[in-house]
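Breakdown of the fold
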Amino acid sequence: MAMWVFGYGSLIWKTGFPFDDRLPGFIKNYRRVFHQGSTDHRGTPEFPGRTVTLEPAPGEICWGVAYKITKEEDKKDALLHLEVREKQYDQKEYLDFFTDINDSEPAVSDVMVYIASPDKKRNNNYLGPAPLEDIAKQIVKAEGPSGPNRDYLFNLEEALVQLGKKD
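Residues numbered from 1 in each chain as written. Predicted model: local features only at pLDDT ≥ 70, side-chain atom pairs only at ≥ 80, totals over all residues. Heavy atoms only, no water.

1. Notes on helix 3 (residues 149-163)
Between its terminal C-alpha atoms helix 3 stretches 22 Å, which fits the 21 Å expected from 15 residues at 1.5 Å a residue. Every buried residue of helix 3 is accounted for by Asn149, Tyr152, Leu156, Ala159, Leu160 and Leu163. For helix 3, the angular spread of the buried residues around the axis is 95 degrees, confining them to a single face. Those residues of helix 3 that are exposed and aimed more than 90 degrees away from the buried face are Glu157, Val161 and Gln162. The inward-facing, buried residues of helix 3 abut strand 2 (21-38), strand 3 (49-69), helix 2 (132-141), strand 6 (143-144) and strand 7 (147-148). Following helix 3 by one or two positions, Gly164 adopts a phi angle in the positive range, close to 80 degrees. (Helix = DSSP H or I, 4+ residues; strand = E, 2+ residues; numbered from the N terminus. Expected span 1.5 Å × (residues − 1). Buried < 20%, exposed > 50% of the residue type's maximum accessible area, 1.4 Å probe, protein only. Arc of directions from axis to C-beta. Contact = heavy atoms within 4.5 Å.)

As structure tokens, then:
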């Protein structure tokens, strides 16, 4: 049985694991928000960057890419990679994934999605909402081992443009 992983942030443009198929599409009833602190990639513990997570949003959709992984060894490699890469994302959900806005039935069910919850006891890097200007200033100034936080924002924007979508 294939394993499917949904990417809505940097996984759209930088997977880091082998996959068999890449399918653009969306999940329902969530939206992408810059509420997760990044102290290990796009910021530091002293000055965290901001990366995206998902928050429930009835009636909204979040575009991204689903990756299909079929080989057992590739599944293991992908999970090992993701457990390190997404370690600040404390929740895994299994959601329906759609490719056409008019479809009522999902293209794929049980797509694995990493989410950073707002529960500060489980996720001490959750920053939460802030005024747009404050979020923008933080993204402009933050930098971590993976580079400037603004590059994350620009790469996300470019990836969504390439999908023909924008938030």
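There is more to say after this.
2. Quick word on the packing of aromatic side chains
Here the structure, examined in full by the defined rule, presents eight aromatic pairs. Aromatic pair Phe34 and Tyr152: ring centres 6.1 Å apart, planes at 85 degrees, arrangement edge-to-face. Residue Phe34 is found in strand 2, and its partner Tyr152 is found in helix 3; the two are separated by 118 residues along the sequence. Neither Phe34 nor Tyr152 differs from the other in exposure class; each is buried. (Phe/Tyr/Trp six-rings, centres within 6.5 Å; stacked < 30°, edge-to-face > 60°.)

3. Observations concerning the pattern of salt bridges
The final tally for this structure, using the stated rule, is eight salt bridges. As a salt-bridge pair, Arg31 and Glu60 come within 3.5 Å of each other at their nearest N and O atoms. Of the two residues, Arg31 sits in strand 2 while Glu60 sits in strand 3, which places them 29 residues apart along the sequence. Taking relative accessible area as the criterion, Arg31 reaches 35% and is therefore assigned partly exposed. Across the pair Glu83 and Lys92 runs a salt bridge, and its minimum N-O distance is 3.0 Å. Judged by its relative accessible area of 38%, Glu83 is partly exposed. (Salt bridge = Lys/Arg side-chain N within 4 Å of Asp/Glu carboxyl O.)

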